[in-house]
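Summary of structural features
So the chains spell out like this:
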Amino acid sequence: MTLCKAAGVTTFAALVMSSTASFAATEINWWHAMGGRLGEVVNEISTKYNASQDVCNLTPVYKGTYEEALTAGIAAFRAGEQPNILQVFDAGSATIIGAEGAIVPAEDLLKNAGVEFNIEDYIAGVRYFYADAAGKMIGMPFNSSTPILYYNEEALAKAGVEAPETWEEFKAIAPKLKAAGYVPLAQSHLSWIFTENFMSRHNLPFATNNNGYDGAKGTRILVNNDAIKMHFTRVKSWLDAGLFGYYGIGWADNQKVFQDGTVAMWLGSSGSFGGLTKSTDFKFSATYLPYWASVSETGTNTFIGGAALFAMSGKPKAENDCVANFYSFLTSADIQYYWHQETGYVPITNAAYDLATKDGYYDRVPAAEIGIKQLTLPGGDNTKGYRMGFYVQVRDVMNREYGKIFSGEKSVDDAFQTIEEEANKLLARFAKTSD
Amino acid sequence: MKRVQFSHPLMPYMLLLPQLSIVGVFFLWPAAEAIRVSFYLEDPFGFGSTFVGLDNFKDVISASEYSRTAWFTLIFSSAVTFFSLSIALLLAVKADKVIKGASIHRTLLMWVYAIAPPVAGLLGVMLFDQHIGPLNDLAHALGWNMQIGVNYFDTAFAMTVIAVWKQIPINFIFFLSGLQSVPKSVQEAAAVDCRSSLRRFWTVTFPLLAPTSFFLLIINITYALFDTFGIIDLVLKGEPGNNPVTLVYKVFLDGFRGNDLGGSSAQSVILMMLVFALTVVQFRMIERRVHYS
């Protein structure tokens with residue numbers, strides 16, 4: 001009570017002293033899709049931001065899943081009731097970046113507000129994922145993660161094996177893990193881990209038009225290639241041999257089996273780190289996403305997943321300036337480090353990464369660094385990101401066809417043929433929407 | 001028959017206005033809008049739209065998955081309607097004969113009706129869960145390697161069971177009240193003429209139940225086609241993957257998850273036509289055989 005009063009008095013004093021300040025702070029709102037613990041951290045960050053200054057007042061609103069948040073944002077925009085900030089996930093980025101009139105690019109927003117902006121301040125893997133073809137940052141990267149391999153140290157010790165760096169090594173150790181009584185491997189997101197990041201890890205082109213960045217017109221998916229078909233053929237044979245477990249399309253169903261010790265290794269998000277620490281009672285660690293040495297000699301950096309913040313257009317300058325002000329707060333090293341530690345998402349700026357390193361965080365928890373190290377591995381022409389429209393549906397097509405491969409309903413060749421055809425149809429349809 | 005006279009000629013229209021405006025705003029206008037959008041490919045944010053004629057319909061029908069979804073919808077709806085009606089009828093006939101503790105029996109059988117649909121769906125999903133579900137464990141104990149969310153048939157089975165389970169109580173209540181309104185005198189007269197209680201049921205009781213059954217048939221088909229949405233959504237946990245979905249759920253997936261307004265509208269127009277045809281069939285063909293006293 002006294003604390004509240006004290007805070008109230010200081011705020012009031014600040015208001016009285018600044019002669020130009022209007023009495024009501026500028027209200028801005030932020031629609032996000034961060035549930036559970038992540039939502040709590042979002043609220044904590046907002047509270048910290050509001051306490052750090054008294055010109056702007058930020059209200060975060062939880063809008064459900066990523067898909068629900070995007071749909072809610074679109075409906076609100078059409079009704080003229082859009083929020084100031086909308087969190088949009090990787091698969092929705094083509095939709096929102098394609099709608100040029102709906103958003104104010106992050107770079108413009110910051111520059112208009114007089115905030116210094118240098119894209120080189122952001123870590124390499126994050127920098128251009130939400131940028132346009134010219135390299136201008138459109139969305140402010142927020143929760144950024146990348147797929148990594150988690151392993152149960154006790155299980156690996158019991159089987160007498162080391163965590164694999166390549167799929168060739170996995171092939172060699174998987175039978176030993178099985179003999180030790182484990183399902184060697186599971187994964188939680190087939191399209192993200194085994195498709196999009198299969199392409200980035202091996203520096204393979206994912207779509208024409210520079211992975212789709214050069215525009216929706218004429219963009220075609222390049223998913224029907226020999227390397228990925230070889231991968232899925234192997235995965236299916238591992239599944240049949242009991243060396244790989246598939247527990248459906250849901251993320252949690254596949255993570256749970258790692259947590260309860262059924263599965264020895266699990267491909268999940270670097271952002272899963274915080275949750276795993278709380279939900280496991282065995283020692284676990286993490287390493288890079290494996291690659292096929294036969295496809296790529298060293299393996300390249302992976303794409304980020306997760307979501308970015310988009311400033312919606314049609315708002316007064318005062319509110320946009322507040323959004324810019326919040327962006328600077330959010331990307332400050334302290335807040336990024338806090339976010340990184342609490343959630344496991346990677347820090348998006350070099351300064352925040354340096355801070356975490358200097359603080360000795362990675363000496364204490366080496367596994368927390370795997371995601372960011374993987375994102376900053378040497379890359380290639382195809383590892384910057386991808387941009388495809390109606391991508392949520394493209395992912396749904398992939399997931400459906402992969403399900404058919406695993407159930408034995410379809411051959412790998414037929415499934416990839418279908419994915420290519422249906423995805424290209426969707427891409428062509430998307431190109432027409434923006435005519 | 002007595003003719004009702006209104007003091008003012010506009011009065012009846014005024015009285016109808018609230019109802020008509022609700023129908024207009026919540027049904028006719030959205031339906032017209034869906035038909036319009038089905039001929040366009042539209043940017044989700046509403047910036048651009050291209051007139052594409054019947055392309056959306058062609059794309060929908062030619063998609064490999066659409067016929068599988070349609071077949072699933074047909075089989076699922078038939079199964080849900082058939083089992084929820086027949087099990088409810090069986091329970092009602094048996095409950096009607098119970099004399100001792102009748103109200104307890106009836107209350108217990110109606111019990112599930114008091115559960116809100118999403119809660120019922122969630123309970124069903126938990127019972128079938130591949131990690132913690134007791135029904136899943138039971139299936140495994142019986143040698144059925146059930147995996148909801150991985151195996152297409154298993155998932156369809158779970159959806160059907162949950163949907164039927166949720167719908168039985170309401171059918172039960174209607175059947176029971178229908179049975180109780182069958183006049184005692186008719187039943188007694190029938191008992192004199194015919195000794196087989198099964199035959200008595202099919203020749204006397206069931207025809208007298210026909211108005212109730214017809215009403216329930218329509219309600220149940222509507223339920224199976226449209227109201228099972230929530231259950232399907234819960235079983236899928238938001239990700240369709242290689243799992244069965246109904247036509248209505250696909251409209252939602254493409255429109256609200258995929259932001260493909262044109263394609264989604266084309267699908268809902270197709271559904272509108274199907275429902276229209278179904279309504280005509282129901283009232284033209286089946287209702288003629290139903291006798292209202």
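What counts and what doesn't
- Residues numbered from 1 in each chain as written.
- Chains lettered and ligands numbered in written order.
- Predicted model: local features only at pLDDT ≥ 70, side-chain atom pairs only at ≥ 80, totals over all residues.
- Helix = DSSP H or I, 4+ residues; strand = E, 2+ residues; numbered from the N terminus.
- Buried ≥ 20, exposed ≤ 12 C-beta atoms within 10 Å, placed from the backbone.
- Contact = placed C-beta atoms within 7 Å.
- Axes fitted to C-alpha atoms, helices over the stretch in contact; angles between N-to-C directions.
- Parallel < 35°, antiparallel > 145°, perpendicular 65-115°, else oblique.
- Nonpolar A, V, L, I, M, F, W, Y, C, P; charged D, E, K, R; others polar.
- Pairing = 2+ DSSP bridges.
- Core = buried A, V, L, I, M, F, W, Y, C linked by C-beta atoms within 7 Å.
- pLDDT = per-residue confidence, 0-100.
- Arc of directions from axis to C-beta.
- Left-handed = near helix turned anticlockwise from the far one by under 90°.

Topic: the overall build of chain B
Scanning chain B for helices and strands turns up 12 helices and two strands. Going from N to C terminus, chain B has its helices and strands arranged as α-β-β-α-α-α-α-α-α-α-α-α-α-α. Once the C-alpha set of chain B is aligned to its principal axes, its extents read approximately 75 × 75 × 30 Å. Across the 293 residues of chain B, 33% fall into the buried class. Summarising the internal contacts of chain B: among those between residues at least 6 apart in sequence, 67% fall at separations of at least 24.

Observations concerning the overall build of chain A
Along its length, chain A carries 20 helices and 10 strands. Each of the three principal axes of chain A carries a C-alpha extent, and together these read 75 × 55 × 35 Å. For chain A, long-range pairs separated by at least 24 residues make up 76% of all intrachain contacts whose partners lie at least 6 apart in sequence.

Topic: helix α9 (residues 190–201) of chain A
Residues and elements named next belong to chain A. α9 sits mainly inside the fold: 11 of its 12 residues count as buried. Along its buried surface, α9 packs onto β6 (147–152), β7 (183–187), α11 (226–240), β8 (263–269), β10 (305–312) and α19 (391–407). Once α9 ends, the next one or two residues include Asn203, with phi positive near 50°.

Here's the deal with the packing of α9(A) against α19(A)
Between two packed helices, what matters for the description is the angle formed by their axes and the separation of those axes. Residues and elements named next belong to chain A. One way to put it is that α9 packs onto α19 with a least axis distance of 10 Å and a crossing angle of 95°. Regarding the angle of α9 to α19, the classification is roughly perpendicular. Contacts between α9 and α19 pair Leu190, Ser191 and Thr195 from the former with Arg395, Met398, Asn399 and Tyr402 from the latter.

Considerations on the interface of chain B and chain A
Of the residues lining the interface, 31 residues belong to chain B; the matching set on chain A comes to 34 residues. Listing elements by their share of the side of chain B that touches chain A, those giving two or more residues are β1 (40–42) and α11 (247–257) of chain B. A per-element tally of the side of chain B that touches chain A places α11(B) first, with three residues. Its residues assigned to classes, the side of chain B that touches chain A comprises 10 nonpolar, 13 polar and eight charged.

Structural notes on the pairing of strand β1 (residues 26–32) of chain A
Side-chain direction in a regular strand flips from residue to residue, so the side chains alternate between the two faces of the sheet. All names here are of chain A. Note: β1 against strand β2 (residues 56–62), seven bridges, orientation parallel. Residue pairing for β2: Asn29 is matched across the bridge by Thr59. One ladder, built from two bridges, connects β1 with strand β3 (residues 85–89); its direction is parallel. Each bridged residue has a counterpart across the sheet, and for Trp30 the counterpart in β3 is Ile85.

Focus on the sheet that holds β7(A)
All names here are of chain A. Pairing within the open sheet is mixed, and its four strands lie in the order β7-β8-β6-β9. With one partner strand each, in any of the chains shown, β7 and β9 (284–287) form the two edges of the open sheet. Within the sheet, the average angular offset between the axes of one strand and its neighbour, ignoring direction, is 25°. Pairing analysis gives four bridges linking β7 to β8, with the strands arranged parallel. Across the sheet, Leu185 pairs through a bridge with Met265, a residue of β8. Running over the sheet, helix α12 (residues 251–259) touches β6, β7 and β8 and is turned about 140° from β8.

With respect to the nonpolar core
Residues Ile103(A), Leu149(A), Tyr150(A), Val263(A), Phe310(A), Ala311(A) and Val323(A) are the most contacted members of the largest nonpolar core, which totals 135 residues. The residues contacting Ile103(A), other than those within four sequence positions of it, are Ile96(A), Ile138(A), Phe310(A), Ala311(A), Met312(A) and Ser313(A). Counting residues in each nonpolar core, the second largest holds 35 residues, with Ala88(B), Met146(B), Phe175(B) and Tyr223(B) among its members.

Section: the environment of Val257(A)
Residues and elements named next belong to chain A. With respect to the helices, strands and loops of the structure, Val257 is situated in helix α12. By the C-beta count within 10 Å, which is 18 here, Val257 ends up partly exposed. When the C-alpha positions of Val257 and Val223 are compared, they lie 29 Å apart, and in sequence the two are 34 residues distant. When neighbours within four sequence positions are excluded, Val257 is seen to be in contact with Ala186, Gly245, Tyr247, Thr262 and Val263.

A short note on the confidence of the model for chain B
Any residue range with low pLDDT should be treated as having predicted coordinates unsuitable for detailed reading. All names here are of chain B. Averaged over every residue, the pLDDT of chain B is 88; residues scoring 70 or more account for 98%. No element of chain B has a lower mean pLDDT than helix α4 (residues 102–110), at 80, and none a higher one than helix α3 (residues 64–97), at 93. For this predicted complex, the interface score ipTM comes out at 0.85, while the overall pTM is 0.87.

Observations concerning helix α2 (residues 55–62) of chain B
Within α2(B), burial applies to Asn56(B), Asp59(B) and Val60(B). Within α2(B), the buried residues cover an arc of 100° as seen down the axis, which keeps them to one side. In α2(B), those exposed residues whose orientation departs by more than 90 degrees from the buried face are Lys58(B) and Ser62(B). Contacts from the buried residues of α2(B) go to α20 (412–433) of chain A together with α3 and α12 (261–286) of chain B.

So, unusual backbone geometry
Look at Phe390(A): it is not a glycine, yet its phi comes out positive at around 45°. Its location among the elements puts Phe390(A) in the loop between α18 (370–375) and α19. Judged by local crowding, Phe390(A) falls into the buried class, with 28 C-beta atoms found within 10 Å. The backbone of Asn259(B) sits at a positive phi, close to 60°, despite the residue not being glycine.

Focus on the packing of helix α5 (residues 117–128) of chain B against helix α10 (residues 229–236) of chain B
Residues and elements named next belong to chain B. Direction vectors running N to C along α5 and α10 enclose 35°, while the axes themselves pass 9 Å from each other. α10 is crossed by α5, and the crossing has right-handed handedness. Residues Pro117, Pro118, Gly121, Leu122, Gly124 and Val125 of α5 form the contact with α10, whose participating residues are Gly230, Ile231, Leu234 and Val235. By residue class, the composition of the contact of α5 with α10 is seven nonpolar, three polar and no charged.

A few points about the confidence of the model for chain A
Of all residues in chain A, 94% attain a pLDDT of 70 or more, and the chain-wide mean is 90. Confidence over residues 1–22 of chain A falls short of pLDDT 50; this stretch has five contacts with residues more than four positions distant or in other chains.

Re the environment of Thr219(A)
Residue and element names in this part refer to chain A. Here Thr219 lies in the loop between α10 (208–211) and α11. Once the C-alpha coordinates of Thr219 and Gly36 are considered, the two residues, 183 residues apart in sequence, prove to be 37 Å apart. Setting aside its immediate chain neighbours within four residues, Thr219 contacts Ala207, Thr208, Asn209, Gly212, Met388 and Leu427.

Concerning the environment of Ile221(B)
Residue and element names in this part refer to chain B. By the secondary structure assignment, Ile221 is in helix α9 (residues 197–227). Judged by the 19 C-beta atoms lying within 10 Å of it, Ile221 is partly exposed. Separated by 141 residues in the primary sequence, Ile221 and Val80 have C-alpha atoms spaced 8.2 Å apart. When near neighbours in sequence (up to four residues on either side) are disregarded, Ile221 contacts Ser77 and Thr81.

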